[in-house]
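Geometric and topological summary
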Amino acid sequence: MLSPETASSDLLSERFQNVRRTSVSLIANLQPEDTVVQTMPDVSPTKWHLAHVTWFFERFVLEPHLTNYTRFDEQYHYLFNSYYVTAGDMHARPQRGLLSRPSLAEVLEYRNYVDTAMQQLLQTQTSDEQVVQLTTLGLNHEQQHQELLLTDIKHVFSCNPLQPAVITSQVPTPGVSLPEYSFADGLSGIHRIGAVDGSFCFDNETPRHNALLHPHRIGNRLVTNAEYREFIKDGGYSSPALWLSDGWATVQERHWRRPLYWDKSLETEFTLGGVHEIVDSAPVCHVSFYEADAFARWAGARLPTEFEWELAASEQAVAGNLLDSAHWQPVPGEGPQFFGDVWEWTSSAYAPYPGFKPLAGSLGEYNGKFMCNQMGVRGGSCVTAANHIRASYRSFFYPDARWQFLGIRLANDGHSG
Ligand SMILES: [Fe+2]
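Described below are features of the structure shown in this document. Keep in mind that this is a model prediction, so the values were computed, not measured.

The rules we used
Residues numbered from 1 in each chain as written. Predicted model: local features only at pLDDT ≥ 70, side-chain atom pairs only at ≥ 80, totals over all residues. Heavy atoms only, no water. Axes fitted to C-alpha atoms, helices over the stretch in contact; angles between N-to-C directions. Helix = DSSP H or I, 4+ residues; strand = E, 2+ residues; numbered from the N terminus. Left-handed = near helix turned anticlockwise from the far one by under 90°. Contact = heavy atoms within 4.5 Å. Nonpolar A, V, L, I, M, F, W, Y, C, P; charged D, E, K, R; others polar. Pairing = 2+ DSSP bridges. Buried < 20%, exposed > 50% of the residue type's maximum accessible area, 1.4 Å probe, protein only. Donors = N, O, S within 2.8 Å, 3.2 Å for Na, K, Ca; no water. Salt bridge = Lys/Arg side-chain N within 4 Å of Asp/Glu carboxyl O. Polar contact = N/O pair within 3.5 Å; in protein donor to acceptor, adjacent residues only side chain to side chain. Arc of directions from axis to C-beta. Phe/Tyr/Trp six-rings, centres within 6.5 Å; stacked < 30°, edge-to-face > 60°. Lys NZ or Arg CZ within 6 Å of the ring centre and 35° of its normal.

Here we come to the packing of helix 4 (residues 104-124) against helix 5 (residues 129-158). The relative placement of two packed helices is expressed as an angle between their axes plus a distance between the axes. In the contact formed by helix 4 and helix 5, the axes pass within 12 Å of each other and the chain directions differ by 150°. In this structure, helix 4 crosses over helix 5, and the sense of that crossing is left-handed. Together, R111, M118, L121 and L122 of helix 4 and V131, T135 and E142 of helix 5 make up the contact between the two elements. Looking at the contact of helix 4 with helix 5, its residues break down into four nonpolar, one polar and two charged.

Here it is, written out as structure tokens:
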């Protein structure tokens, strides 16, 4: 019989292998040339993602904890550090696409080298709580980059006139008729918000604390493509009264007239499976916070706050159209779709919870330093790993971001009746 230590060591080691293998499986249909391209500063090349998550294990787990660990390549620390300024200088983010070297083959070799060292560490030192915590953080970090890898290659391929596909599976055709959009009373009063003790969470989900919720109602489902098309046809993009000032300025400046990836005809869109007809009853995605907010105003509603969303979602099972479903595109759903399909914009500025303390050392830069000028998004998307999302999970984007799978749920003030 396994001792508890051996059992947990095996579990972590197995989870490590699974997550690492999943990352490499995502590039099965890519050519080495595909993995080098960067189409805008927000987008990182596939190859860079694969190397950066590996660097994270090397820098934060192996170097401090595996005796006599030797770096695979001294220069990788500079190339693949993302934003940890307390860990040293780094290559400029907008220039990641200039790195034709190291080659993809060398990056995969780097992954194997670090994997071997990590397995050695996990077999010998899982009684060290710090090793377990840092490895778990590294795995969750890699899962975040799995999502970014896919959203980034989607942008890269969308810029290629050949319109290549990352996956060959077809987006399922709708077999469900959606209910009318309606609102259910949410819980009001003082409620506990934030991560529940006992399982992994990021520092930005802590501490669990009391929050006051005013009477409100929350939407029964996500806003669909057909509903968003109505907004467009009703002159949504040319009605300044619907928009926040920054949103209106952005619409003018960038000539936005429809969600990113929609064709002018409003009938087809670019997906990870190539160009497809827009499925009317599927959730709309690739809209910015500004567009979500304007749509909500047009619909006579508003976006939910992070707290309203979290309370409603915590009553639901964590299940839905996630990475593991392998659609990699939002699909029509029968249920409330709190998890998966699209990250849902909230009306909450991404800010620290009362009493928030970032992690110690360089890893304190993971979340805390971004708590300015961004909006909270919730629920994960069709390219978020299923075992990576939970009701308390907080992600965040600048209000003009559109390249992630970002969509809309509505809310309203007051209670019914
Ligand atoms: Fe990262």
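There is more to say, and it comes next.
Moving on: the sheet that holds strand 4 (residues 216-219). Pairing in this open sheet of three strands is antiparallel, and the strands run 1-4-11 from one edge to the other. At either margin of the open sheet sits one strand with a lone partner, and together these are strand 1 (183-185) and strand 11 (411-413). The average undirected angle you get between the axes of adjacent strands in this sheet is 30°. Where strand 4 and strand 11 come together, three bridges link them in antiparallel fashion. Bridged to I218 within strand 11 is A411.

We now examine the pairing of strand 3 (residues 209-213). Alternating positions in strand 3 separate cleanly, H209, A211 and L213 being buried on one face and N210 and L212 remaining unburied on the opposite face. Sheet topology note: the strand 2 (residues 189-193)/strand 3 ladder contains five bridges and is antiparallel. In the sheet register, R192 faces strand 3, and the bridge partner there is N210.

Protein coordination at the iron ion: the donors are H52 (NE2), H141 (NE2) and H145 (NE2), at 2.2 Å from the metal. Between the donor residues of the iron ion, the gaps in sequence give the motif H-x88-H-x3-H. Placement of the pair is H52 in helix 2 (residues 46-65) and H141 in helix 5, with a sequence separation of 89 residues. Pair check on accessibility: H52 and H141 agree, each one buried.

Looking now at the pattern of salt bridges. Inspection of the entire model under this criterion finds 18 salt bridges. With a shortest N-O distance of 2.8 Å, R20 and E142 are connected by a salt bridge. Here E142 lies in helix 5 and R20 lies in helix 1 (residues 4-25), a separation of 122 residues in the sequence. The pair R20 / E142 is uniform in exposure class, with both members buried. E306 is paired through a salt bridge with R378; the nearest N and O atoms lie 2.9 Å apart.

You can see R409 is positioned in the loop between strand 10 (406-407) and strand 11. Separated by 3.1 Å, the side chain of R409 and the backbone oxygen of G219 make a polar contact. Polar side-chain contacts of R409 include one of 2.7 Å to the backbone oxygen of P336.

This paragraph deals with helix 6 (residues 225-233). Along helix 6, the positions that sit buried rather than exposed are N225, Y228, R229, F231 and I232. Each buried residue of helix 6 sits inside an arc of 155° when the element is viewed along its axis, so together they form one side. The inward-facing, buried residues of helix 6 contact helix 8 (289-298). G235, located one to two residues past helix 6, shows a positive phi value of around 85°.

The next point concerns the packing of aromatic side chains. According to the stated counting rule, one finds 39 aromatic pairs in the structure shown. Seen from their ring centres, Y228 and F295 are 5.6 Å apart, and the 20° between their planes marks the pair as stacked. On the criterion of sequence distance, the pair formed by Y228 in helix 6 and F295 in helix 8 is long-range, its members being 67 residues apart. On the basis of relative accessibility, which here comes to 0%, the residue Y228 falls in the buried class. Residue classification places F295 among the buried residues on the basis of a relative accessible area of 2%. The ring centre of W48 lies 3.6 Å from the NZ or CZ of R96, which sits over that ring.

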